[in-house]
Amino acid sequence: MQPFTYARAESEEAAIRAVSAGGRGTRFLAGGTTLYDLMKLGAETPERLVDISALPGLSGFETAGPRELVFGAGARMSDVAADPRLVRDYPVLSEALWKAASQQLRNMASLGGNLLQRTRCAYFRNGEPFACNKRVPGSGCAAREGIDRGHAVLGGSEACIATYPGDWAVALLALDAAVDVAGPNGARTIPLEALHREPGATPEVETTLARDEMILRVRVPATPLGRASTYHKIRDRESYAFALASAAVALRMEGEVVREARIALGGLATRPWRAREAERELAGRRLTPEAARAAGDAALRGARPGHHNAFRIELGARTVADALLIARQRA
Amino acid sequence: MDRTPDEPSDTPGAVSRRPLMIGAALAAAPLAPPGIAAPARAQDAGDGRLRVNLTVNGEARQLSLDPRASLLDTLREGLALTGAKKGCDHGQCGACTVHLDGRRVASCLTLAVQADGRAVTTIEGVAREDDELHPMQQAFIDHDALQCGYCTPGQIMAAIALVREGRAGSAEEIREYMSGNLCRCGAYAGILAAIQDAAPKMRGA
């Protein structure tokens, strides 16, 4: 592993100053479950780490507010997943957290860091002799002619079809969340929907954050849709695996009729993927199994299979349909 | 990792430095380059090692560490506590599970310097002082919850934490909250039985 220097920040401001002044090789370090893992693989090669994991101002969260839920970026996934109000009133958020990783990793990983988790594409993780535009820009994409079983069917480009692996961001996207970030030039708020990028010609640029901008907190508008919600995650094994397909859904029902639906997809796209067309088509309809399936098909409309992943288009549509029927039971 | 952690820093000649704090006061010094000047100064005297204080199984330990060292390598190579095992070294198998401030973590993905000032419990530290096995250890023996045994220290550390988290309510819940610990011998049935057996004994303990 490439040598690096390590320093622990005492405040958000000091951390931002240090990362900003340190230049390209300087990075924030939170739980480390992604960054340290990728450093062992040589996929990340920072020269200076600024540890923000012990900053007390980032670790809290508040789920009781009348207008919004607020999650400090440093809060641990395990603590937030077990919050009783979240379990009761926003199951989509709790499930997205406890169905991710293992309890060991959820005890380490932060909510802000989880949003920035990098792809599990094996060509990206392993590098040479395989080409990866995300790892070495301009080198090519081994996945396009390789084993693409887990790769994206939505949002890919010629340069990259790596799947965004996270769950939490998908659930947040369905609930119109936003992140407050701060950098050397001040603070701003980014809608979750604008945080992640499709790869296009520059797959190494994964978010709209500047290198020296830090996520301070995640905010979710309080909504009665939270109760009739679920994060449905389909994996190769029942637990502790990344999604082959997942769906975050939330519903506002009037009897049997859908008044409002929120649908976001995970495990299928190069970024957290909102399925607005499916939402629009479902609104005003009775939520029958047939309507749920039609919404699933609408959510996957435009999906493009590679060599080994076509089954995940059908799987994705069924996952959305099942998620809608699960959420309806909670309305 | 191409370097292993050093011996405890009471070894003669060891460089001893605590992980440097980047503070607002420090960064506010008018002529200093903000923030990042500090770590550069902290490491220019030696080979970049940092002084780290850990409480391991109740005992205070002081180490001089390469910042790259994982907590797992530090325990195994620096402190000769080889109970926690290196399976995948990427947080995927659970063999390295230890408790950090009472919570289970993957020690292979924990930078040892991030554990500075914190308490670590390993499998070597769970038996009672009179050497009586922890109820979870005894239950693993009673239920044949292992074959080769390589994953067992991690399984037991995860299982003890699971009971304390209140996640031993049903077989389904135990399976879910033990899913971060793989057993390639397939002793899962015995592991489940052992946890169900030990959970009430831990509450009584």
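All residue numbers refer to positions counted from 1 along the written sequence of the respective chain. Here the convention is simple: chains get letters from A, ligands get numbers from 1, in the order in which they are written. Reporting of local features is limited, given that this is a predicted model, to residues whose pLDDT is at least 70; pairs of side-chain atoms are given and counted only at 80 or more, and all residues count toward the totals for whole chains, interfaces and linings. Hydrogen atoms and water are omitted, and side-chain values are computed over all heavy atoms in the structure.

### Describing the packing of aromatic side chains
Residues and elements named next belong to chain A. Two aromatic rings, drawn from Phe, Tyr or Trp (for Trp, its six-membered ring), form a pair once their centres lie within 6.5 Å of each other, and the interplanar angle then sorts them: stacked below 30 degrees, edge-to-face above 60, tilted otherwise. Summed over all chains, the structure comprises three aromatic pairs over all chains. Judged by centre distance (5.4 Å) and plane angle (85°), the rings of Phe71 and Trp168 are edge-to-face. Taken together, the positions of Phe71 in strand β5 (residues 68-72) and Trp168 in helix α9 (residues 168-174) put the pair 97 residues apart, joining distant regions of the chain. Buried means the residue's accessible area, taken with a 1.4 Å probe over protein chains only, is under 20% of the maximum for its type, while exposed means over 50%, and partly exposed covers the values in between. Here Phe71 falls in the buried class, since its relative accessible area comes to 0%. According to the relative accessible area criterion, Trp168 is buried, its value standing at 1%. Between Tyr123 and Phe130 the ring centres are 5.1 Å apart and the planes differ by 70°, which places this aromatic pair in the edge-to-face class. Of the residues examined, Phe130 reaches a relative accessible area of 42% and is grouped as partly exposed. Site record: aromatic cluster; members linked through ring pairs are Phe61, Phe71 and Trp168. For helices the rule is a DSSP run of H or I covering at least 4 residues; for strands it is a run of E covering at least 2, with both sets numbered from the N terminus onward.

### Structural notes on unusual backbone geometry
What you tend to see is this: most non-glycine residues have negative phi, and most peptide bonds are trans. Of the consecutive residues Glu128(A) and Pro129(A), the connecting peptide bond is found in the cis state with omega at 5°. Mapped onto the elements, Pro129(A) comes out in the loop between α8 (122-126) and α9. Phi at Ala101(A) takes a positive value of approximately 55°, unusual for a residue other than glycine. Note on placement: Ala101(A) falls in the loop between α5 (91-98) and α6 (103-108). When its relative accessible area of 25% is taken as the criterion, Ala101(A) is described as partly exposed. With a phi angle near 50°, Asn57(B) is a residue other than glycine that sits in the positive phi range. Here Asn57(B) is to be found in the loop between β2 (50-56) and β3 (59-65).

### Here we look at the side chain of Lys40(A)
By secondary structure assignment, the location of Lys40(A) is in helix α2 (residues 35-40). It only takes one pair of heavy atoms within 4.5 Å for two residues to be counted as in contact. Leaving out residues up to four positions away in the same chain, Lys40(A) has contacts with Met1(A), Ser70(B), Asp89(B), His90(B), Cys108(B) and Leu109(B).

### Some remarks on the nonpolar core
As a rule of thumb, nonpolar side chains are buried together in soluble globular proteins. As used here, the term nonpolar core means buried Ala, Val, Leu, Ile, Met, Phe, Trp, Tyr and Cys residues forming a set that is joined through side-chain atoms within 4.5 Å. In terms of nonpolar packing, the biggest core is built from 41 residues, with Phe71(A), Leu93(A), Leu115(A), Leu172(A), Val179(A) and Leu192(A) touching the most fellow members. Taken together, the elements giving at least two residues each to this core come down to β5, α3 (77-81), α5, α7 (111-115), α9, β6 (178-183), β8 (214-221) and β10 (245-254) of chain A. A per-element tally of this core places α9(A) first, with seven residues. Those residues in contact with Leu115(A) that sit more than four places away from it in its chain are Tyr164(A), Trp168(A), Ala169(A), Leu172(A), Val179(A), Leu192(A), Leu195(A), His196(A), Ile215(A) and Val218(A). Listed in part, the 35 residues of the second largest apolar core include Leu75(B), Leu109(B), Val113(B) and Val120(B).

### Digging into the sheet that holds β8(A)
All names here are of chain A. Note on pairing: DSSP must find at least two bridges between two strands before they are called paired. Across the sheet, which stays open at both edges, the five strands sit in the order β4-β5-β8-β6-β7 with antiparallel pairing between neighbours. This sheet does not close on itself; its edge strands, each paired only once, are β4 (61-62) and β7 (186-191). With five bridges joining them, β5 and β8 adopt antiparallel strand pairing. Bridged to Gly72 within β8 is Arg217.

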